[in-house]
Amino acid sequence: MSILFYRRPDYVGRSAGPLNPKDCQKYVERTKNNRNNIPPELSFERVVENKALPPCSLRDFMDYTVYVAHEAENLQFYLWLQDYTKRFNALKREEQALSPEWKQPEVAMPAAEVHDQSNGRKASTFIVTDIDFDEGPKHKPSIAMSPVRSGSSVSPFDDPPKSAVASEEDYQSFITKSVFSQRTAQEIADDANISAGLKWQSFTIQPFRYEITRVISHYLAPGSPRELNLSHRDRASVLHALQQTTHPSAFALVSTLVEGTLRGQSHPNFIRWSICNGNKPRVIFVRTVGIVHTLGALLLALLLTLSSASRWFRLTAGPVMFVGLATLVAAWKGLCVILQHAHGRNLKPWEQGYEGSLYSDGTGSTAFSVDDEATLAGTDAISQQFEKEKDKSRRGTAVSTSASTSTAPSTARRPTRSFDPFGSSNTAWRDERWVRRYSAKPLVRKVFDQSVWVQEESVRLVQDRIVRQSNVWAAIVTVVFLVVFVALPKGNFY
């Protein structure tokens, strides 16, 4: 990375419509362009495996998606699916055989409309065809399947009816029912299937079937608490796959879209945001200071040039110009040079005032506790501990792990419901106590807010590079500025 021409990762805007492969491909191309701007220590894999330290740890990534980007459902689903895949692969072979791998191009459909050419009767065999989303997906009948609606007179041994096409009215009706009624996960999943044109229940004997039902009710059903931004077509395809099997391959389509978005959009934007060491009021204040110093140096040079004083007095404007430009260039990239000299950063509003947070007692302590981050535990789930690194060389801090399997935060700790894959809506943070406390804080206190030492070494190196870059450019411009003004003749106006 060049000192003069280093750039932070470019900001990647969010797609206007639902997630789609075309946008994911654009994200991949942009990620290649940002590859030289993101250190290997801050790669996507290291962040999601929690091998990076604050401000780039997994918890920081989750906080960014919840409080800043407002798209935490992608990361939450991705973490759950990674854990689910490991747990499914750890099952016994006979249990895995109950949920075969899903083959996306082919689905089984009843041949109710196919007639035997020899006798003119309906054929008793089944044909295989591609999914036709315009006519509604077809499904494989089985005596293990039963109609969704209880009390139906349909016999499981009869030929199942052809799936009806899900109309726009059905889709909107389901959204209304999901939002304004209290229902179980199974009921929500059933209505999600119906809205996609799927009229038959899934195989309940398959492993993790109830957990899959909860995933549908939390991430795939329209109007669900953490609804993924999927098109109706892709949603129907995934729901159809989940009716047939609980194998992780049933999530292949949505996994590709979610991971592509995380890698190509959320992660580069998160690294770009993490490199900044100041909060917004602090950065605006520092930019103002840089502009004032730069304009002051220009005014001083003009006054000395118009006077009868020796031209060498104009050199006194040089240091003021250098300080102003160096501060302005660094602040334009989100860095406060004063904080950077101490390798510090402002605490985020949601990090302040909680026991076990990065900074809670006003002493500048950098102890980072993740005891309450036993994540991804739910029905049929085994809690997963994220690997932690211990950093004792220069910090005197240790990242600790815990064998606890509970995801509920303790009374005094920061809320961790965002790590619960089946938690509440991601907009619930607006009721957290820091929101009111921070909004009531005076502007001056926000400018000179609490700070903490940057633990991740690669972030410090990038910040140092940006500051050196600012100094070099400020020095070049200052030299040109002084040469021009010293060469000008005296004005002799006073």
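Residues numbered from 1 in each chain as written. Predicted model: local features only at pLDDT ≥ 70, side-chain atom pairs only at ≥ 80, totals over all residues. Heavy atoms only, no water.

Visitor: I would appreciate a short explanation of the overall build of the protein chain in the present structure.
Guide: Along its length, the protein chain carries 16 helices and four strands. Sequence separation of at least 24 residues holds for 76% of the intrachain contacts in the protein chain that already meet a minimum separation of 6. Carbon together with sulfur atoms contributes 58% to the accessible area of the protein chain, which is approximately 24100 Å² in total. (Helix = DSSP H or I, 4+ residues; strand = E, 2+ residues; numbered from the N terminus. Contact = heavy atoms within 4.5 Å. Areas by Shrake-Rupley, 256 points an atom, 1.4 Å probe, with all protein chains shown as cover.)

Visitor: Please clarify how a nonpolar patch on the surface should be interpreted in this entry.
Guide: Judged by side-chain polarity, V472, W473, I476, V477, V480, V484 and L488 come together as a nonpolar surface patch covering roughly 520 Å² of accessible area. Checked against the element boundaries, V480 lands in helix 16 (residues 457–487). The class of V480 is partly exposed, set by a relative accessible area of 49%. (Patch = residues over 30% accessible without salt bridge, like charges linked within 9 Å, V, L, I, M, F, W, Y side chains within 5 Å. Salt bridge = Lys/Arg side-chain N within 4 Å of Asp/Glu carboxyl O. Buried < 20%, exposed > 50% of the residue type's maximum accessible area, 1.4 Å probe, protein only.)

Visitor: Help me out: how do you make sense of the UniProt feature "transmembrane region" (unreviewed entry) in the protein chain in this one?
Guide: Listed under "transmembrane region" (unreviewed entry) in the UniProt record, and renumbered for this structure, are residues 284–306, 318–339 and 470–488. Secondary structure within residues 318–339 divides into 82% helix and 0% strand; the distance between the first and last C-alpha atoms comes to 24 Å. Annotated as 95% helix and 0% strand, the span residues 470–488 places its first and last C-alpha atoms 27 Å apart. (UniProt positions renumbered as here; feature names shortened; annotations may be inferred.)

Visitor: Would you explain the packing of helix 12 (residues 317–332) against helix 16 in this entry?
Guide: For any two helices packed against each other, the geometry comes down to the angle between their axes and how far apart the axes lie. The interhelical angle for the contact between helix 12 and helix 16, taken along N-to-C directions, is 145 degrees, at an axis separation of 8 Å. With respect to the hand of their crossing, helix 12 and helix 16 are arranged in right-handed fashion. Contacts between helix 12 and helix 16 pair A317, G318, M321, F322, L325, A326, V329 and A330 from the former with S470, N471, A474, A475, V477, T478, F481 and L482 from the latter. Considered class by class, the residues forming the contact of helix 12 with helix 16 number twelve nonpolar, four polar and no charged. (Axes fitted to C-alpha atoms, helices over the stretch in contact; angles between N-to-C directions. Left-handed = near helix turned anticlockwise from the far one by under 90°. Nonpolar A, V, L, I, M, F, W, Y, C, P; charged D, E, K, R; others polar.)

Visitor: Sorry, what's going on with the nonpolar core here?
Guide: In summary, soluble globular proteins display a tendency toward joint burial of nonpolar side chains. Counting residues in each nonpolar core, the largest one holds 63 residues, and the members touching the most others are F77, W80, L220 and F251. At the level of secondary structure, the elements contributing two or more residues to this core comprise helix 2 (44–48), helix 3 (58–68), helix 4 (72–89), helix 8 (209–220), helix 9 (232–244), helix 10 (252–275), helix 14 (433–439) and helix 16. Here the element with the most residues in this core is helix 4; it accounts for nine residues. Counting ten residues, the second largest nonpolar core, distinct from the first, contains A317, L325, A326 and F481. (Core = buried A, V, L, I, M, F, W, Y, C linked by side-chain atoms within 4.5 Å.)

Visitor: Mind showing me how you'd approach the packing of aromatic side chains here?
Guide: Given two aromatic rings, one states the distance between the centres and the angle between the planes to describe the pair. Enumeration according to the criterion identifies 21 aromatic pairs in this entry. Where Y67 meets W429, the ring centres are 5.5 Å apart and the plane angle is 90 degrees; that geometry is what we call edge-to-face. With a gap of 362 residues between them, Y67 in helix 3 and W429 in the loop between strand 3 (344–346) and helix 14 connect regions that are remote in the sequence. Assessed through its relative accessible area of 13%, W429 is described here as buried. Three or more aromatic residues joined by ring pairs make a cluster, and in this case those are F61, Y64, Y67, F270, W273, W350, W429 and W434. (Phe/Tyr/Trp six-rings, centres within 6.5 Å; stacked < 30°, edge-to-face > 60°.)

Visitor: So what exactly am I meant to see when it comes to the confidence of the model for the protein chain here?
Guide: Residues at a pLDDT of 70 or more form 65% of the protein chain, whose mean pLDDT is 74. For the protein chain, the element scoring lowest by mean pLDDT is strand 2 (residues 126–129), at 31; helix 4 scores highest, at 96. Confidence drops under pLDDT 50 across residues 106–182; counting only partners more than four residues distant or on other chains, this segment forms 117 contacts. Between residues 355–412, whose pLDDT stays under 50, and residues either more than four places distant or in other chains, the model counts 146 contacts. (pLDDT = per-residue confidence, 0-100.)

Visitor: Looking at this model, I keep getting lost on the environment of S458. Mind explaining?
Guide: Take S458: it is sitting in helix 16. Accessibility expressed as a relative area gives 6% for S458, which makes it buried. Separated by 406 residues in the primary sequence, S458 and A52 have C-alpha atoms spaced 9.2 Å apart. Among residues more than four places away in sequence, those in contact with S458 are P39, E41 and L42. A polar contact is formed between the side chain of S458 and the side chain of E456, at a distance of 2.9 Å. (Polar contact = N/O pair within 3.5 Å; in protein donor to acceptor, adjacent residues only side chain to side chain.)

Visitor: Could you clarify how one ought to interpret the environment of Q455 in this entry?
Guide: Inspection of the secondary structure assignment puts Q455 in the loop between strand 4 (451–453) and helix 16. A relative accessible area of 3% means that Q455 is categorised as buried. Separated by 401 residues in sequence, Q455 and P54 have C-alpha atoms that sit 5.6 Å apart.

Visitor: In this structure, what is going on with the pattern of salt bridges? I would like to understand it.
Guide: Side chains that carry opposite charge are capable of pairing whenever their charged atoms lie near each other. All chains considered together, the criterion is met by ten salt bridges. For R263, the salt bridge identified is with E45, shortest N-O distance 2.6 Å. Taken together, the residues span a long stretch of sequence, with R263 in helix 10 and E45 in helix 2 at a distance of 218 residues. On the accessibility criterion, R263 (28% relative accessible area) is partly exposed.

Visitor: What am I meant to see in the packing of helix 11 (residues 280–306) against helix 12 here?
Guide: Orientation of helix 11 relative to helix 12, taken along the N-to-C sense of each, is 155 degrees, at an axis distance of 7 Å. Between helix 11 and helix 12, the angle falls in the class roughly antiparallel. Note on packing geometry: the crossing formed by helix 11 with helix 12 is left-handed. The residues of helix 12 that touch helix 11, namely those facing V283, V286, R287, G290, I291, H293, T294, A297, L298, L300 and A301, are A317, V320, M321, V323, G324, L325, T327, L328, A331 and W332. When the residues that make up the contact of helix 11 with helix 12 are grouped by side-chain class, the tally is 15 nonpolar, five polar and one charged. (Parallel < 35°, antiparallel > 145°, perpendicular 65-115°, else oblique.)

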